Amino acid sequence: MMDIHQILKKLPHRYPILLVDRVVELEMGKRIRALKNVTINEPHFTGHFPHRPVMPGVLILEAMAQAATVLTLVSMDIELDDKTVVYFAGIDGARFKRPVEPGDQLMLDVTLERAKAGIYKYRGRAYVGEELACEAELLCTMRRIES
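Thresholds applied
- Residues numbered from 1 in each chain as written.
- Predicted model: local features only at pLDDT ≥ 70, side-chain atom pairs only at ≥ 80, totals over all residues.
- Heavy atoms only, no water.
- Salt bridge = Lys/Arg side-chain N within 4 Å of Asp/Glu carboxyl O.
- Helix = DSSP H or I, 4+ residues; strand = E, 2+ residues; numbered from the N terminus.
- Buried < 20%, exposed > 50% of the residue type's maximum accessible area, 1.4 Å probe, protein only.
- Pairing = 2+ DSSP bridges.

**Q** Even after reading the chapter, I still don't get the pattern of salt bridges, so can you show me in this structure?
**A** A side chain with one charge may pair with a side chain of the opposite charge, provided their charged atoms come close. All chains considered together, the criterion is met by 15 salt bridges. Between Glu137 and Arg123 there is a salt bridge whose closest N-O contact spans 3.7 Å. Taken together, the residues span a long stretch of sequence, with Glu137 in strand β6 (residues 131-144) and Arg123 in strand β5 (residues 119-128) at a distance of 14 residues. What makes Glu137 partly exposed here is its relative accessible area of 24%.

**Q** Whenever I open this one, the environment of Val110 confuses me. Can you help?
**A** As for its placement among the helices and strands, Val110 is situated in strand β4 (residues 105-116). When its relative accessible area of 0% is taken as the criterion, Val110 is described as buried.

**Q** Is there a simple way to explain the pairing of strand β1 (residues 22-27) in this structure?
**A** Consecutive side chains of a regular strand alternate in pointing toward one face of the sheet and then the other. Bridge count for β1 against strand β2 (residues 31-37) is 5 bridges, and the pairing is antiparallel. Looking at β2, one finds that Glu25 is bridged to Arg33.

Worth remembering: the numbers are spatial, not functional.
Below, the structure written as structure tokens:
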């Protein structure tokens, strides 16, 4: 549905924090399924942990938030400019069910639950194969910044 070139046009993130590699499904205004290929050459693995590399939970949450942002931007036909940023407003009920390791393919499944007064609420789940790795409710907001 969207390859890396299309994702780069939507999201302002770049290496090493761009965490969405491909969008495989997108239901406008409702749901997105996106992939994150987890590789050993990502910089966080040198210290987390040297003896047993594990993807930090905060980066799994960030990956879900980036997928949620793609869903919203595509659904609303919005192009971000240099003065617009999407921020986390909250993370609720985050649970980590299994470690995510190099070589895993993380499937990000995010559903828009509510959009009200500029706050977007999503239900995010991240899977490795059929196994749930992480789930959380994400709150995000889009803001104009003045420099």
